[in-house]
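# Close look at the chain arrangement
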Amino acid sequence: MVMWEQILLLSVLKRSLVYPGENGCHCLEDETSDAEVFNSMAMSCTYFLEGTNTSTVYEPSVEPSTLSRNAVVFNSKFKLRKFGAGGRRRRRCDEWISVAKEALNQISTVARFLCLLHVTDKYLCSPTLAYGPSMLPTLNLTGDVILSEQVSYRLGRVGPGDIVLVRSPTDPLKIVTKRILGLEGDRVTFYDPLSGDICRTVVVFKKGRVIFLVTRFQRGHVWIQGDNIYASNDSRYFGPVPYGLIQGKAFFRVWPPDSFGRLGP
Amino acid sequence: MASHSFLWSFGKKFFTFGLIGLTVSDRYASILPVRGASMSPTFNPRSDSFGGSLSDDYVLVEKFCLEKYKFSPGDVVVFRSPQNHKEKHVKRIIGLPGDWIGTRSSYDIVKVPDGHCWVEGDNPSSSMDSRSFGPIPLGLVQGRVTHIVWPPERLGAVKGSIREDRLSSS
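Residue positions are given per chain, counted from 1 along the sequence in the order it is written. Chains carry letters and ligands carry numbers; both start at the beginning, A for chains and 1 for ligands, and go up in the order they are written. Given that the model is predicted, a residue must reach a pLDDT of at least 70 before its local features are reported, and side-chain atom pairs must reach 80 or more before they are shown or counted; all residues, however, enter totals for whole chains, interfaces and linings.

### Notes on the overall build of chain B
The following threshold applies: Counting from the N terminus, the helices are DSSP H or I runs at least four residues long and the strands are E runs at least two residues long. Three exposure classes are used, all based on how many other C-beta atoms lie within 10 Å of a residue's own C-beta (placed from the backbone): buried at 20 or more, exposed at 12 or fewer, and partly exposed between those limits. Contact definition: two residues whose C-beta atoms, as placed from backbone geometry, lie within 7 Å.
When helices and strands are tallied, chain B shows two helices and ten strands. Mapped in sequence order, the helices and strands of chain B form the string α-β-β-β-β-β-β-β-α-β-β-β. Burial analysis of chain B (170 residues in total) assigns 31% to the buried set. When contacts within chain B are restricted to residue pairs at least 6 apart in sequence, long-range pairs at least 24 apart make up 54% of them.

If you want it as structure tokens, here you go:
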């Protein structure tokens, strides 16, 4: 019974002995180990506890008035050290450290969030503003916000009819929205703007055979074309584009609200 | 229960590091191995030994150039193969848009179209490059090789110089 009381007293003491004084910070000297404190406490505790109400015992023992400038407390059984200006400096230093830690925490949270954003944007799904006349019946001239997903082109699951985002082969900083009309080996018939009103049929690169007239053809290319055949700069001009230029597949339209819904073949 | 929470915290750490690593390698820099002998004097000089992955060079690829797509002739770049989007190739840029390139096999002169570049390997005898598939769109470029980081004895920057006989007169 007494044992438990002692431990309680010890813990109360150890906590309340560190308190800010007028001239700085008083605290227990570091080398006073728990065992020492405990042993020295034991006698006085038992003395105090005998026949006394325990709740009244603890109060006087840690009264601030017992901590003088020279810091002697409990019959000089505990050595106390007084910090003057050095203590203040140390406290300020601690403050700075804690502020820096806090800031670092915040920054790392923000950085992690940005990383998550980047990965979502690059590997999962991202919003895009598509404008211009080239996809006119499907996408508006003034600008539609569409969602594009980056999963299916990585898995090779895009096919004819899909609307894709492609890095323009003529300007790598521009990303254009077009519809895939043919993959490797497909036969594509299109209205050729270069040679008047002639419909021309090309086979998009049968393996190893060169069929398109303007450029040489290889495997791994796709034929992209805008829905508006009169105002679209697409594969009819620059030929089929490498599959590696595809940046995503548009699958959902968010804006304008009246045409909210799926996009697709 | 303890193992459960340990697994949870481990998974969280793993996820975070994966996220950060992926972002850094996408946006800033990454390290890639170079296989094959197509860039032989520059990378993998002992190509005839076929030592496997142990003798491969590892190179540092920076991605800051992708913000503007500004390159200069002689840069060594990593790009997705125009024929197979899953492969990446390392070649040297010989010509940029507007340059005239003489192909060595046939004696034609080709003009590099807008937004394209002409890439060739340093080892012409075993290189699959623009001489076989023509100029490639700059949009396929994934980064510029700046340093060799492995093996340690060949650690150093990659020089951006074109061999004399490939200098194009524009």
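Past the structure itself, the notes keep going.
### Overview of the overall build of chain A
Tallying secondary structure elements over chain A gives six helices and 14 strands in all. Here chain A holds 265 residues, and the buried ones make up 22% of them. Within chain A, residue pairs in contact and separated by at least 24 positions form 56% of the contacts whose partners lie at least 6 positions apart.

### Quick notes on helix α1 (residues 2-27) of chain B
Put simply, the rule is: For a helix, the expected span equals 1.5 Å multiplied by the residue count minus one.
Over its 26 residues, α1 of chain B extends 38 Å from the first C-alpha to the last, a length consistent with the 38 Å expected when each residue adds 1.5 Å. The buried fraction of α1 of chain B amounts to one of the 26 residues, a small share that puts the element mostly on the outside.

### Points about the nonpolar core
The condition that has to hold: The term nonpolar core refers to a set of buried Ala, Val, Leu, Ile, Met, Phe, Trp, Tyr and Cys residues connected through C-beta atoms within 7 Å.
Counting 42 residues, the largest nonpolar core has Val164 and Val166 of chain A together with Val77 of chain B as the members making the most contacts within it. In contact with Val164 of chain A, not counting residues within four places along its chain, are Val158, Lys178, Ile180, Ile224, Ile246, Gly248, Lys249 and Ala250 of chain A.

### So, the interface of chain A and chain B
Contacts between the two partners involve 22 residues from chain A, matched on the other side by 21 residues from chain B. Take the side of chain A that touches chain B: its biggest share by element is six residues, from helix α4 (residues 85-123) of chain A.

### Points about the confidence of the model for chain A
To keep it simple, the criterion reads: The quantity called pLDDT is the predictor's confidence in a given residue, expressed from 0 to 100.
Taken as a whole, chain A shows an average pLDDT of 71; of its residues, 57% reach a score of 70 or greater. Across residues 42-82 of chain A, confidence stays below pLDDT 50; counting only partners more than four residues off in sequence or on other chains, it has 47 contacts.

### Focus: the pairing of strand β11 (residues 221-225) of chain A
All names here are of chain A. Basically, it comes down to this: By the convention used here, strands pair only if DSSP detects at least 2 bridges between them.
Counting buried positions along β11 gives five out of five residues, so the element sits mostly inside the fold. Of the two faces of β11, the one holding His221, Trp223 and Gln225 and the one holding Val222 and Ile224 are both buried throughout. Judged from the three bridges that link them, strand β8 (residues 175-182) and β11 form a sheet pairing that is antiparallel. Across the sheet, the residue bridging to Gly182 is Trp223, located in β11. In this structure, β11 lies alongside strand β12 (residues 241-242), joined through two bridges in antiparallel fashion. Bridge pairing in β12 links Val222 to Val241.

### Examining the environment of Arg131 of chain B
Relative to the helices and strands, Arg131 of chain B resides in helix α2 (residues 130-133). Distance from Arg131 of chain B to Gly102 of chain B, taken between C-alpha atoms, is 9.6 Å for residues 29 residues apart in sequence.

### Brief notes about the environment of Phe251 of chain A
All names here are of chain A. Mapping Phe251 onto the fold places it in strand β13 (residues 246-255). Sequence separation of Phe251 and Asp162 is 89 residues, and the distance between their C-alpha atoms is 8.4 Å. Contact partners of Phe251, with chain neighbours within four places excluded, come to Leu147, Ser148, Glu149, Arg262, Leu263 and Gly264.

### Let's talk about the environment of Val158 of chain A
Residues and elements named next belong to chain A. Tracing the sequence through the fold places Val158 in the loop between α5 (151-154) and β7 (163-167). Separated by 25 residues in sequence, Val158 and Leu183 have C-alpha atoms that sit 9.0 Å apart. Those residues in contact with Val158, other than ones at most four positions away along the chain, are Ser152, Tyr153, Val164, Ile180, Ile246 and Lys249.

### Topic: unusual backbone geometry
Looking along the chain, the bond that leaves Trp255 of chain A and enters Pro256 of chain A is cis, with omega of 0°. Relative to the helices and strands, Pro256 of chain A resides in the loop between β13 and β14 (261-262). Each neighbour pair has its own omega, and for Trp150 of chain B with Pro151 of chain B the value is 0°, a cis peptide bond. Its location among the elements puts Pro151 of chain B in the loop between β9 (141-150) and β10 (156-157). With phi around 55°, Tyr69 of chain B is a residue other than glycine that occupies positive phi space. On the neighbour-count criterion, Tyr69 of chain B (15 C-beta atoms within 10 Å) is partly exposed.

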